[in-house]
Amino acid sequence: MSRKLSTGPEHVIRFESVGLRYGQRPEVLEDITFALKPGSFHFLTGASGAGKSSLLRLMYLGQRPTRGLVTLFGQDVATVPRDKLPALRRRVGVVFQDFHLLDHMSAMDNVALPLRVSGVSEAEIKKHVPELLSWVGLADHLNAKPPVLSGGQKQRVAIARAVIARPDLLLADEPTGNVDDSLATRLIYLFEELNKLGTTVVIATHNEGLLRNFPHSRLHLERGRLIDPPPLKGA
Ligand SMILES: Nc1ncnc2c1ncn2[C@@H]1O[C@H](COP(=O)(O)OP(=O)(O)O)[C@@H](O)[C@H]1O
Ligand SMILES: [Mg+2]
């Protein structure tokens with residue numbers, strides 16, 4: 001993690017003295033300052049309620065900060081023209097905690113969506129989407145629609161959709177919450193593969209085993225503030 005500030009697109013994302021409050025309540029994020037280098041890999045940790053999901057929401061522009069500066073790919077998000085926002089968002093892959101899959105579409109079509117939006121050919125889609133879905137263990141569910149899939153299966157469809165177009169920034173909110181440890185490890189390998197291709201990765205997680213097995217840098221939140229991460233239990 002780099003907390004040294006500078007301007008310009010050498011950082012994928014940069015927060016400076018960012019605060020967030022919901023309505024009239026006290027701030028749930030306070031004085032958040034950090035910057036992520038291209039190609040870096042981070043876990044986002046902290047107790048339930050610490051602000052992890054809120055911080056990710058600010059990072060994918062799902063929420064505006066109440067104060068402070070957020071720049072994404074070198075652009076101040078407060079001043080980006082409205083018509084430029086979709087292009088900026090397309091560079092960010094998001095694994096939502098509650099998946100956000102389209103229930104009337106097959107697993108294949110859900111995962112193909114970001115490719116179709118980017119104008120990738122159907123021939124390429126027919127090759128790459130089943131390949132990735134097979135890799136995450138869903139070869140037998142290509143045509144299944146989300147309502148018939150288990151929580152863990154939906155989570156893997158959501159992950160495949162987030163990574164398929166090789167975004168510049170991948171944000172995942174507890175993406176291994178619904179799968180067993182061996183599958184969780186496999187999914188982190190997938191994020192690492194993407195990271196090797198240049199994607200900056202931020203994964204919110206509670207899973208101490210993963211933190212021990214994958215020694216990546218940590219952004220740690222405690223009651224809405226970024227602090228130095230405490231040592232892992234039993235480490
Ligand atoms: N949409 C919302 N409206 C009001 N309060 C919220 C909302 N989302 C989160 N909060 C509050 O913000 C704080 C941080 O929540 P959250 O970002 O979900 O933390 P985490 O993901 O670490 O569990 C909590 O106190 C939570 O109740
Ligand atoms: Mg959360």
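Before any of the text, the structure's been laid out above.
Residues numbered from 1 in each chain as written. Chains lettered and ligands numbered in written order. Predicted model: local features only at pLDDT ≥ 70, side-chain atom pairs only at ≥ 80, totals over all residues. Heavy atoms only, no water.

Quick word on the overall build of the protein
Then step 1. Broken down by element type, the protein carries 7 helices and 10 strands.
Then step 2. Relative to its length of 235 residues, the protein is compact, with a C-alpha radius of gyration of 18 Å against a globular reference of 18 Å.
Then step 3. In terms of its C-alpha atoms, the protein occupies a principal-axis envelope of roughly 50 × 45 × 35 Å.
Then step 4. Looking at the protein alone, contacts between residues at least 24 apart form 70% of all its contacts between residues at least 6 apart. (Helix = DSSP H or I, 4+ residues; strand = E, 2+ residues; numbered from the N terminus. Rg over C-alpha atoms; globule rule 2.2 N^0.38 Å. Contact = heavy atoms within 4.5 Å.)

Details of the environment of R186
Then step 1. With respect to the element layout, R186 can be found in helix α6 (residues 181-196).
Then step 2. For R186, a relative accessible area of 34% corresponds to the partly exposed category.
Then step 3. One polar contact links the side chain of R186 to the main-chain carbonyl oxygen of W135, over a distance of 2.9 Å. (Buried < 20%, exposed > 50% of the residue type's maximum accessible area, 1.4 Å probe, protein only. Polar contact = N/O pair within 3.5 Å; in protein donor to acceptor, adjacent residues only side chain to side chain.)

Considerations on the sheet that holds strand β4 (residues 67-72)
Then step 1. Here we have 4 strands laid out as an open sheet, ordered β2-β1-β4-β5, and antiparallel in their pairing. Here the strands that pair on one side only, and so sit at the sheet edges, are β2 (29-36) and β5 (75-76).
Then step 2. Pairing geometry for strand β1 (residues 13-20) and β4, over 5 bridges, is antiparallel. Note that in β4 the partner of F15 across the bridge is V70. (Pairing = 2+ DSSP bridges.)

Some points on the site of ligand 1
Then step 1. Around ligand 1, the surrounding shell consists of Y22, R25, V28, A47, S48, G49, A50, G51, K52, S53, S54 and R57.
Then step 2. Between a nitrogen atom of ligand 1 and a side-chain N or O atom of R25, the distance comes to 3.4 Å.
Then step 3. Note that an oxygen atom of ligand 1 is positioned 2.8 Å from one of the side-chain N or O atoms of K52.
Then step 4. With the chains in place, 62% of the 560 Å² that ligand 1 exposes on its own is no longer accessible.
Then step 5. Here the shell around ligand 1 is composed, by residue class, of 4 nonpolar, 5 polar and 3 charged. (Near = heavy atom within 4 Å. Areas by Shrake-Rupley, 256 points an atom, 1.4 Å probe, with all protein chains shown as cover. Nonpolar A, V, L, I, M, F, W, Y, C, P; charged D, E, K, R; others polar.)

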